[in-house]
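Single-letter residue listing:
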Amino acid sequence: MNFSVKALSKGGGRAGVLQVGGCSLETPALLLSTRKGLPAFISPDLLSTLPTPDSRLLQFSPLHFLEGISLKAVSEMGGLHQMLGLKEHVFVANPADPILSVPDYQSSNKIGASFETPSGRFLIKPGQYMEMISSMRPDIWVTLADEVPAWVSDKRNRVSIQRTMRWLDDCLALAKANDTGGAVFGSIIGGSKINDRKYCAQEVSRRNVEGFNIVGFGLGESMDERPTLLRAVTESLPEDKPRQISGLGLPEEVLQGVAAGVDLFNSTYIYHLTIGGFALTFPSEEIERHVSVDQLNDTIRDDGTKINLKATIYRKDTSRILEGCKCYTCQNHTKAYINHLFNVHEMLAQILLEIHNTYHYLGFFRKIRDTIREGTFEEFRQKFVESRREHAAPAAADNTDTDSAADNADTAALCA
Amino acid sequence: MALRFEILGKFNRARAARLTLPHFVCQTPLFMPVGTQGTIKGLTTSQLEDIGCQIILGNTYHLALRPTSVLIDELGGLHKFMNWPRGLLTDSGGFQMVSLLHLADITEQGVTFQSPVDGKPMLLTPEESIQIQNRIGADIIMALDDVVRTTITGPRIEEAMYRTLRWIDRCIAAHERPHDQNLFGIVQGGLDPVLRDICVKGLVDRKLPGYAIGGLAGGEDKDSFWRVVAQCTAALPEDKPRYVMGVGYPLDIVVCSALGADMYDCVYPTRTARFGTALVPEGVLKLKHQAMSDDTQPIDPTCECMVCKNYSRAYIHCLVTKDAMGSQLLSYHNLFYMLKLSRDLHSSIVNGQFPEFVCNFLQKMFPKGDVPQWVCNAMEVAGIDITSCCSPFPLSLIDSQAATVKFSRKNSIKMVHTKD
Ligand SMILES: [Zn+2]
Ligand SMILES: [Zn+2]
């Protein structure tokens, strides 16, 4: 793996290039969240309709495979790339996943981290975790962390740092002893304590890691205190290594993370949108060029970033989710059809929506990279946040079902 | 009439044809996946095109409830609504009502039922069924028939058959789009050859664009099943497509094609996929089975589909029944299997290798030569010599074993020969 920063924006955001697994990827980038290595609803043939190489980064949790398949079988097949028939893709292993493998700090103890999964609760020790990594052979893997929410006591917060550091050393030692491949991203925690965050970031930087995994955000800290906390972390980290974050998913949160110098984000937000019937519709650069002002105003209904396709107003709407969008869904289907699919609980609804939302969010990241390179990121960020606020106000006043449901999806994404 | 049916090749009773519909030029024999509510569960229309799907079946009853035929019509018809450029067929809605709604009752007027929306009594007449199907706009629409279970006996069968004949005239009279939609009549008459004969003759007199053999695949024994198919296909006109409704299993499709049928539909491939079962040449493979968890082979090593080219049984095993992707991938494979079977039937007939194809098919499914007696009987009538794939031992003896679950070799493929 190789990483280099190519451009810096005045606010602290950076555009870089990450070379990994034969791919050259521009950052800031979106890691597509997966269930067992594939996006929740996008099969591999449809995955290829998404822009490449932007859609090549896939995040999975090794814990997804605790049941149903033996590590021996995964290993025999040659690891995840072979098992999933996605040899060109880049796999990033992260034990925590807010949907299928949720960290459970109350059950974690000094010997391992605990996770809540659909097959029950599991306590994962560094040794076990490293066995999974060795069999699955991801391109990048993050170290085990004792993730705690913002509201735990100072004492518990410090315990979590001790554990996380010890597990980091254990993981590194095991990786070295067993010659486990893949780039290591050290996990950084510290809750909402600035000094703890700094300390942890500095300690992890001293280890032999190729990048960083910032953990514990989106867990109760306020939107306002977050920038300071994020900066406390990123300013303690070397410039030349990539930084990944878990827990920040909403567009505003991504912009916040980018501004603080984070390079990699995950797409859990898209999953929540898709399940809730929401389609992202905020204008991206590509679309602005092709669409008249009228059409734009039209799409900026609701809260300005998304619409709920379950709403009855789309029953007869034969327009595309977003005029000008080049995704498979918008090229082939109407709002009316997707509305029908949701009404009758057909799986194709989620398939089509996940494709559009992923396509659209990848476009949002492309736009972020462009503005950093052009030196306009700060303006873009401010404009985006302001227009979102403007639309949020009348939307709240309307208080339609769609809007409150839209807010729920964001809340769900925030809480997850 | 809005179709052309040209026979390209024959082997005794079996035929391979080009069926030209308003939206697509199809090759028969063909299997039609069931897309009940304007979608085939878990597949996009472009995936369906990729795997060679020619006609999708839509259920009138479901579509009339949601999004309603009026809305479909307003938005330009079902083809446009679901963005499916190829063939579509809709059923009459009657069968779904009788089978899904407890309080459905059939009178001379039509099918009366309780509305699932507000519980009020409703009536679906032959005229209304056709009107709804005219609005949906499929290439092939089905006449409303009086459906009775094949396992029922007595005067009800006769009543239903005669009523079906009376209703066909009401359907023909109500049909407003005969130049872009083809109305198929449905042969009823239970398992009674005399009644079936009267019904076939009555329908053939009406000179319809195509004919369906209805009232089968409802739990009758296999010998009765194929005899009805054989009788109807023999009596139906040579130059019109013949559709066996609700069939079925790969073996049934091979047998019916040998007997001269052309079209089939069944929810089985996609439904069974959702329960974790894959169709393979040997029978079926239960991906939920524990033995699959470390099986690194593809579902079917001979299958060319996207799923078999990429995934192991072990990976599918850890998806099935837990993740949506499990049923997406298995449905894809199962439909690919059925559509490939259709293509193979077509090309083997055209190439004059139909008996070889049938023997090959039976050999894989019954490697011990324990081909069920009903298949042997049907093949004799079809004029296909299958002695090369039948064991020389008394079949009745082996037949009882064939019905039980077998485990083959180390990979423990669980084969359950469909015997119902
Ligand atoms: Zn789109
Ligand atoms: Zn296959």
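Residues numbered from 1 in each chain as written. Chains lettered and ligands numbered in written order. Predicted model: local features only at pLDDT ≥ 70, side-chain atom pairs only at ≥ 80, totals over all residues. Heavy atoms only, no water.

Naming follows an unreviewed UniProt entry, where chain B appears as Queuine tRNA-ribosyltransferase catalytic subunit 1 of Salvia divinorum. Annotation of chain B in UniProt includes, under Subcellular location (unreviewed entry), the sentence "Cytoplasm". (UniProt positions renumbered as here; feature names shortened; annotations may be inferred.)

Going by an unreviewed UniProt entry, chain A carries the name Queuine tRNA-ribosyltransferase accessory subunit 2 and comes from Salvia divinorum. In the Sequence similarities (unreviewed entry) part of its UniProt record, chain A is described as follows: "Belongs to the queuine tRNA-ribosyltransferase family. QTRT2 subfamily." Note on chain A: under the UniProt heading Subcellular location (unreviewed entry), the record states "Cytoplasm".

Here we take up the nonpolar core. Within the largest apolar cluster, 247 residues are counted, with the highest numbers of intra-cluster contacts made by A:Tyr129, A:Tyr361, A:Phe364, B:Leu362 and B:Ile386. With 13 residues, the single largest contributor to this core is helix H14 (residues 348-374) of chain A. Here this core spans two domains, since at least three of its residues come from each of domain 1 (2-266) and domain 2 (273-415) of chain A. What B:Leu362 contacts, discounting residues up to four positions off in sequence, is B:Leu251, B:Val371, B:Val375, B:Ile386 and B:Cys389. Counting residues in each nonpolar core, the second largest holds 20 residues, with B:Met32, B:Phe184, B:Ile186 and B:Met245 among its members. (Core = buried A, V, L, I, M, F, W, Y, C linked by side-chain atoms within 4.5 Å. Buried < 20%, exposed > 50% of the residue type's maximum accessible area, 1.4 Å probe, protein only. Helix = DSSP H or I, 4+ residues; strand = E, 2+ residues; numbered from the N terminus. Domains from an automatic or database assignment. Contact = heavy atoms within 4.5 Å.)

In this assembly, 41 residues from chain A lie in contact with 38 residues from chain B. The contact between chain A and chain B buries some 3400 Å² in all, and 57% of this surface belongs to carbon and sulfur atoms. Note that A:Glu346 is salt-bridged to B:Lys41, the shortest N-O span being 2.6 Å. Inspection of the region where chain A meets chain B yields 16 residue pairs in polar contact (both at pLDDT 80 or more). Elements that contribute at least two residues to the side of chain A that touches chain B include exactly helix H1 (44-47), helix H2 (71-77), helix H3 (80-83), helix H12 (328-332), helix H13 (335-343) and H14 of chain A. Here the element with the most residues in the side of chain A that touches chain B is H13(A); it accounts for 5 residues. Among the residues making up the side of chain A that touches chain B, the classes are represented as 22 nonpolar, 11 polar and 8 charged. (Buried area = accessible area lost by both parts, 1.4 Å probe. Salt bridge = Lys/Arg side-chain N within 4 Å of Asp/Glu carboxyl O. Polar contact = N/O pair within 3.5 Å; in protein donor to acceptor, adjacent residues only side chain to side chain. Nonpolar A, V, L, I, M, F, W, Y, C, P; charged D, E, K, R; others polar.)

A separate point is the domain arrangement of chain A. All names here are of chain A. Each assigned domain of chain A is listed here: domain 1 (2-266) and domain 2 (273-415). Domain 1 puts 36 residues into the contact, and the matching count from domain 2 is 30 residues. The interface formed by domain 1 and domain 2 contains 5 salt bridges. Across the pair Arg 366 and Asp 54 runs a salt bridge, and its minimum N-O distance is 3.8 Å. Joining domain 1 to domain 2, the criterion identifies 7 residue pairs in polar contact (both at pLDDT 80 or more). The element best represented in the side of domain 1 that touches domain 2 is helix H8 (residues 251-259), accounting for 8 residues. Broken down by class, the residue content of the side of domain 1 that touches domain 2 amounts to 21 nonpolar, 9 polar and 6 charged.

With that settled, consider empty space enclosed by the protein. Residues and elements named next belong to chain A. Scanning the model with the defined rule gives 7 cavities of 30 Å³ or more in all. Approximately 130 Å³ is the volume attributed to the largest cavity. Looking at the largest cavity, it is lined by 15 residues, and the ones nearest its centre are Ser 33, Thr 34, Ala 40, Tyr 271 and Glu 354. Of all the secondary-structure elements, those providing two or more residues to the lining of the largest cavity are strand S4 (29-33), helix H9 (268-276) and H14. Taken together, the residues of the lining of the largest cavity sort by class into 8 nonpolar, 4 polar and 3 charged. (1 Å grid on protein atoms, 1.4 Å probe; cavity = no way out; pocket = protein on both sides within 12 Å on 5 of 7 lines; lining within 4 Å. Points joined across faces, edges and corners; volume = space filled by probe spheres on them.)

Residue and element names in this part refer to chain A. Running from N to C, helix H4 (residues 126-136) and helix H5 (residues 154-177) cross one another at 45°; their axes reach a closest spacing of 9 Å. The angle between the axes of H4 and H5 places the two elements in the oblique class. As for the relative orientation of H4 and H5, their crossing is right-handed in sense. Where H4 abuts H5, its residues Pro 126, Gly 127, Tyr 129 and Met 130 lie against Trp 167, Asp 170, Cys 171, Leu 174 and Ala 175. Of the residues assigned to the contact of H4 with H5, the class counts are 7 nonpolar, 1 polar and 1 charged. (Axes fitted to C-alpha atoms, helices over the stretch in contact; angles between N-to-C directions. Parallel < 35°, antiparallel > 145°, perpendicular 65-115°, else oblique. Left-handed = near helix turned anticlockwise from the far one by under 90°.)

Before going further, it helps to examine the packing of helix H9 (residues 222-235) of chain B against helix H16 (residues 373-382) of chain B. Residue and element names in this part refer to chain B. As a packed pair, H9 and H16 sit with axes 9 Å apart at the nearest point and diverge in direction by 15°. Judged on the interaxial angle alone, H16 and H9 are roughly parallel. Taken as a pair, H9 and H16 cross one another with a handedness that is right-handed. Note on element contacts: H16 touches H9 through Trp 374, Asn 377, Ala 378 and Val 381, opposite Lys 222, Asp 223, Trp 226, Arg 227 and Ala 230. Its residues assigned to classes, the contact of H9 with H16 comprises 5 nonpolar, 1 polar and 3 charged.

We now examine the coordination of the zinc ion (ligand 2). All names here are of chain B. Within the protein, Cys 303 (SG), Cys 305 (SG), Cys 308 (SG) and His 333 (ND1) serve as the donor atoms for the zinc ion (ligand 2), at 2.1 to 2.3 Å. One can describe the site at the zinc ion (ligand 2) as tetrahedral: its 4 donor atoms subtend angles covering 97 to 117° at the metal. Taken in chain order, the donor set of the zinc ion (ligand 2) reads C-x1-C-x2-C-x24-H. There is no split in this pair, since Cys 303 and Cys 308 are both buried. (Donors = N, O, S within 2.8 Å, 3.2 Å for Na, K, Ca; no water. Tetrahedral: all angles 85-135°; square planar, octahedral: opposite > 155°, others 65-115°.)

Take the environment of B:Leu165 next. Residue and element names in this part refer to chain B. Of note, Leu 165 is situated in helix H7 (residues 155-174). Separated by 20 residues in sequence, Leu 165 and Gly 185 place their C-alpha atoms 8.8 Å apart. Ignoring sequence-local partners within four residues, the contact set of Leu 165 consists of Ile 198, Cys 199, Gly 202, Leu 203 and Arg 206.

All names here are of chain A. Taking the UniProt record as the reference, the feature "binding site: Zn(2+)" (unreviewed entry) is found at Cys 325, Cys 327, Cys 330 and His 356. The greatest C-alpha distance among the residues just named is 8.4 Å, despite their covering 32 residues of sequence, which places them together in space. By the secondary structure assignment, Cys 325 is in the loop between strand S16 (306-308) and H12. By the secondary structure assignment, Cys 330 is in helix H12. Discounting chain neighbours no more than four positions away, the residues touching Cys 330 are Arg 320, Ile 321, Leu 322, Cys 325 and His 356.

To continue, consider a nonpolar patch on the surface. Among the surface-exposed residues, B:Tyr162, B:Val194 and B:Ile198 lie close enough to one another that they form a single nonpolar patch of about 240 Å² accessible area. Among the residues examined, B:Ile198 registers a relative accessible area of 31% and is labelled partly exposed. (Patch = residues over 30% accessible without salt bridge, like charges linked within 9 Å, V, L, I, M, F, W, Y side chains within 5 Å. Areas by Shrake-Rupley, 256 points an atom, 1.4 Å probe, with all protein chains shown as cover.)

Residues and elements named next belong to chain B. Both faces of strand S4 (residues 30-33) are covered, namely the face carrying Leu 30 and Met 32 and the face carrying Phe 31 and Pro 33. One ladder, built from 4 bridges, connects S4 with strand S14 (residues 263-266); its direction is parallel. Paired with Leu 30 across the two strands is Met 263, which belongs to S14. (Pairing = 2+ DSSP bridges.)

Moving on, we get to the coordination of the zinc ion (ligand 1). Residues and elements named next belong to chain A. The coordination sphere of the zinc ion (ligand 1) contains the protein donors Cys 325 (SG), Cys 327 (SG), Cys 330 (SG) and His 356 (ND1), at a distance range of 2.1 to 2.3 Å. Here the zinc ion (ligand 1) binds 4 donor atoms, and the angle range of 101 to 113° at the metal identifies the geometry as tetrahedral. Ordering the donors of the zinc ion (ligand 1) by residue number gives the pattern C-x1-C-x2-C-x25-H. One end of the pair, Cys 325, is in the loop between S16 and H12; the other, His 356, is in helix H14, with 31 residues separating them in the sequence. Judged on exposure class, the residue Cys 325 and its partner His 356 are both buried.

Moving on, we come to the sheet that holds strand S9 (residues 120-124) of chain A. Residue and element names in this part refer to chain A. Taken in spatial order, the 3 strands make up an open sheet running S7-S8-S9, and their pairing is antiparallel. Each having just a single partner strand, strand S7 (102-103) and S9 make up the two edges of the open sheet. Pairing of strand S8 (residues 113-117) with S9 involves 5 bridges; the strand directions are antiparallel. Residue pairing for S9: Glu 116 is matched across the bridge by Arg 121.

Let us now look at the UniProt feature "active site" (unreviewed entry) in chain B. Residue and element names in this part refer to chain B. Here, the residues flagged by UniProt with the feature "active site" (unreviewed entry) are Asp 91 and Asp 265. Across 175 residues of sequence, these annotated residues stay compact in space, with a maximum C-alpha separation of 10.7 Å. When you line up the elements, Asp 91 lands in the loop between strand S6 (87-90) and helix H5 (94-100). The exposure class of Asp 91 is buried, given its relative accessible area of 10%. Excluding residues within four positions of it along the chain, Asp 91 makes contact with Gly 58, Asn 59, Thr 60, Tyr 61, Gln 96, Gln 133 and Met 142. Within the structure, the side chain of Asp 91 is placed 2.7 Å from the side chain of Asn 59, a separation counted as a polar contact. In contact with Asp 265, other than residues within four places in its own chain, are Phe 31, Met 32, Val 34, Leu 57, Tyr 243, Val 244, Met 245, Gly 246, Val 247 and Gly 248. Polar side-chain contacts of Asp 265 include one of 2.8 Å to the side chain of Tyr 243.

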